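Architecture and fold: a report
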Amino acid sequence: MAFWSPPSSLPLLGLLSIILFLRPTSVVTSPSGIRHGIIRKPSSSDPPFHPFREAPAYRNGDACGSSPADRIHVVMTLDANYLRGTMAALLSILQHSTCPENIDFHFLWSYLEPNIFSSIKSTFPFLRFKLYRFDSNRVRGKISKSIRQALDQPLNYARIYLGDILPADVRRVIYLDSDLVMVDDIAKLWGVALGGKVLAAPEYCHANFSKYFTSAFWSNPGFARTFDGRRRPCYFNTGVMVVDVEKWRQGGYTKKVEEWMAVQKKMRIYQLGSLPPFLLVLAGNIQPIDHRWNQHGLGGDNLEGKCRDLHPGPISLLHWSGKGKPWLRLDSRRPCAVDNLWAPYDLYRSSPVSSLEE
């Protein structure tokens, strides 16, 4: 776990100390910490080229168990546009885990792209994972246009259907976005108590909740009463969640979220993608956990993606939610300071034919 407190002077000094602390010894980067390159599409006569370096084989510690009860189930989506982020997230999870061989990864995909699967196998030969197809037609007629195109992709809604996609014997999972890195042992997140709730996540009850919904929502008396009573309008980010999948199935939460999506199709009650219907169903009714498990918003807002500083306090997970992604900003040679915390986990290697690195 890392810690961050606002420096009184020399703003980058504290940040550089965190970079040195978090930097994986097995990953080599350029002095600037930035990789640049373009990938040439191989011809049929070329030997196979994998754009990512092979990660070390991480092994369990002596105290790790080997029973089914010791398994940790992690769910992520696979998208070609975010594959570089996914690779970095996987490396960070494995590197900081005491029992990396006890982690089962469940990847959801919507488009058959064999190069993605081969990249995972070549980069992480010892990774335990399963693949599940998410039928994008299931949500295509339910998605409303949001303020950012990336939020409208069907795969962004796959998290709503975990109870339908995953096998019945998978009863509890950690759902993670692809634009994050873990800097603590994931077993600690897996072990949080759900307190009878369907999911756990860092919760923010002092957020300006009105900005997540339109005037059409707040002017409707029935909709506005959604958060009356004991339900406080508390924000949580759906990119990091511990989910009781069995309780999700039993409670019919998929249908509840879909019902709000149907309302959105008839009258625009929110601007973002899959987050608002989650909030309408569950905000104020989840198990709150320590904020260190989702230092989110590092990608800036959803329109401009401007640089943001870290929030004060302990850090176990860094999350580049928002428009700005660290690999894109690094490649453009206009990174934010926090992007240098992501760079040490970047397994991408530039093409052997063309490199933009000077």
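First, a word on what this report is: a plain description of the structure on this page. Model, not experiment: these values are computed from the prediction.

**Some points on the overall build of the chain**
Of the regular secondary structure elements, the chain holds 13 helices and 12 strands. For the chain, the proportion of its 358 residues judged to be buried stands at 53%. For the chain, contacts bridging at least 24 residues in sequence account for 76% of all contacts bridging at least 6. Summing over all exposed atoms, the chain offers an accessible surface of approximately 16,700 Å²; the carbon and sulfur share of this is 53%.

**A few points about the state of the cysteines**
Overall, the coordinates contain three disulfides when judged by the stated rule. The partner cysteine of cysteine 205 in its disulfide is cysteine 234, sulfur to sulfur 2.0 Å. Here the disulfide of cysteine 205 and cysteine 234 is right-handed, its torsion about the S-S bond being about 105°. A residue pair is termed long-range when its members are at least 10 positions apart, and cysteine 205 in the loop between β7 (199-204) and α7 (215-218) and cysteine 234 in the loop between α8 (221-224) and β8 (235-236) qualify at 29 residues. Judged by relative accessible area, cysteine 205 falls into the partly exposed class, the value being 26%. Taking the relative accessible area as the measure of exposure, cysteine 234 reaches 1% and is therefore buried. In this model, cysteine 307 is linked to cysteine 336 through a disulfide, with the two sulfur atoms separated by 1.9 Å. Measuring handedness by torsion sign, the sulfur bridge of cysteine 307 and cysteine 336 sits at about -80° and is left-handed. Highlighted residues: cysteine 307 in the loop between β10 (287-289) and β11 (313-315) and cysteine 336 in the loop between α12 (326-331) and α13 (339-342), separated in sequence by 29 residues.

**Regarding empty space enclosed by the protein**
A complete count under the given rule lists two cavities of 30 Å³ or more for this structure. For the second largest cavity, the calculated volume is near 40 Å³.

**A short note on the packing of helix α10 (residues 253-266) against helix α11 (residues 275-282)**
One way to put it is that α10 packs onto α11 with a least axis distance of 9 Å and a crossing angle of 120°. Regarding the angle of α10 to α11, the classification is oblique. α11 is crossed by α10, and the crossing has right-handed handedness. Every residue of α11 that contacts α10 at Tyr253, Lys256, Val257, Trp260 and Met261 is listed here: Pro277, Leu280, Val281 and Leu282. Looking at side-chain class alone, the contact of α10 with α11 contains eight nonpolar, no polar and one charged residues.

**Regarding the pairing of strand β4 (residues 129-133)**
Regular strands show a simple pattern: their side chains alternate between the two faces of the sheet. Sheet analysis places strand β3 (residues 103-109) next to β4, joined by five bridges and oriented parallel. Looking at β4, one finds that phenylalanine 105 is bridged to phenylalanine 129. Read as a crossover between parallel neighbours, the route from β3 over helix α3 (residues 114-123) to β4 is right-handed.

**Some remarks on unusual backbone geometry**
Backbone geometry at arginine 333 places phi at a positive 60°, although glycine is not the residue there. Take arginine 333: it is sitting in the loop between α12 and α13. Note on arginine 333: relative accessible area 37%, which makes it partly exposed.

**Here's the deal with α10**
Here α10 spans 21 Å end to end across 14 residues, near enough to the 20 Å set by a 1.5 Å rise per residue. Those residues of α10 that sit buried are Tyr253, Thr254, Val257, Glu258, Trp260, Met261 and Gln264. Buried residues of α10, viewed axially, fall in a sector of 160°; they line one side. Opposite the buried face of α10, by more than 90 degrees, sit the exposed residues Lys255 and Lys266. Packing partners of the buried residues in α10 comprise α4 (137-140), α5 (162-165), α7, α8, α9 (245-250) and α11.

**What about the packing of aromatic side chains?**
As enumerated under the stated definition, the model contains 17 aromatic pairs in all. When the ring of tryptophan 248 is compared with that of phenylalanine 278, the centres are 5.8 Å apart and the planes differ by 35°; the resulting orientation is tilted. One end of the pair, tryptophan 248, is in helix α9; the other, phenylalanine 278, is in helix α11, with 30 residues separating them in the sequence. Judged on exposure class, the residue tryptophan 248 and its partner phenylalanine 278 are both buried. A centroid spacing of 5.6 Å and a plane angle of 45° characterise the contact between tryptophan 327 and tryptophan 342, whose relative ring orientation is tilted. Of the two residues, tryptophan 327 sits in helix α12 while tryptophan 342 sits in helix α13, which places them 15 residues apart along the sequence.

**What to know about the pattern of salt bridges**
Inspection of the entire model under this criterion finds 11 salt bridges. Salt-bridge contacts for arginine 84 lead to aspartate 346; the nearest nitrogen and oxygen are separated by 2.8 Å. With a gap of 262 residues between them, arginine 84 in helix α2 (residues 83-95) and aspartate 346 in the segment after α13 connect regions that are remote in the sequence. Between aspartate 164 and arginine 138 there is a salt bridge whose closest N-O contact spans 2.7 Å. Here aspartate 164, found in helix α5, pairs with arginine 138, found in helix α4; they are 26 residues apart in sequence, far enough to count as distant. What makes arginine 138 partly exposed here is its relative accessible area of 35%. What emerges from the salt-bridge pattern is a single network uniting Arg71, Asp104 and Arg128.

Rules and cut-offs
- Chains are numbered independently. Their residues run from 1 in the order of the written sequence.
- Two thresholds apply to this predicted model, a pLDDT of at least 70 for residue-level local features and 80 or more for giving and counting side-chain atom pairs, whereas whole-chain, interface and lining totals are computed over all residues.
- No hydrogens and no water enter the side-chain calculation; it runs on all heavy atoms of the structure.
- What counts as a helix is a DSSP run of H or I of at least four residues, what counts as a strand is a run of E of at least two, and both are numbered from the N terminus.
- Relative accessible area decides the class of each residue, using a 1.4 Å probe on protein chains only: under 20% of the type maximum gives buried, over 50% gives exposed, and in between gives partly exposed.
- Whether two residues touch is decided by their heavy atoms; if any such pair falls within 4.5 Å, the residues are in contact.
- Each accessible area is a Shrake-Rupley estimate made with a 1.4 Å probe; only the visible protein chains count as cover when residues are assessed.
- Only a pair of cysteine sulfur atoms within 2.5 Å counts as a disulfide in this structure description.
- Cavities and pockets were defined on a 1 Å grid built from protein atoms only: a cavity is a group of points that admits a 1.4 Å probe but offers it no way out, a pocket is an open group of points flanked by protein on both sides within 12 Å along at least five of seven lines, and a lining residue is one with an atom within 4 Å of any such point.
- Grid points are joined across faces, edges and corners, and a volume is the space filled by probe spheres set on the points.
- Lines fitted to C-alpha atoms define the axes, with helix axes restricted to the stretch in contact, and inter-axis angles between N-to-C directions lie between 0 and 180 degrees.
- By the definition adopted for this analysis, an angle is roughly parallel if under 35 degrees, roughly antiparallel if over 145, roughly perpendicular if from 65 to 115, and oblique otherwise.
- Crossing handedness is read from the near helix: turned anticlockwise from the far helix by less than a right angle, it gives a left-handed crossing, and turned clockwise, a right-handed one.
- Side-chain classes are defined by residue name, with Ala, Val, Leu, Ile, Met, Phe, Trp, Tyr, Cys and Pro counting as nonpolar, Asp, Glu, Lys and Arg as charged, and the others, Gly among them, as polar.
- Criterion used throughout: strands pair if DSSP finds at least two bridges between them.
- Convention used here: a crossover is right-handed provided that the path from the first strand, over the helix, to the second strand proceeds clockwise when the strands point away from the viewer.
- In this analysis, the expected span of each helix is defined as 1.5 Å times one less than the number of residues it contains.
- Throughout, the arc means that of the directions going from the helix axis to the C-beta atoms.
- Aromatic contacts are taken between Phe, Tyr and Trp rings whose centres are within 6.5 Å, Trp giving its six-membered ring; a plane angle under 30 degrees counts as stacked, one over 60 as edge-to-face, and the others as tilted.
- In what follows, salt bridge is the name for a side-chain nitrogen of Lys or Arg lying within 4 Å of a carboxyl oxygen of Asp or Glu.

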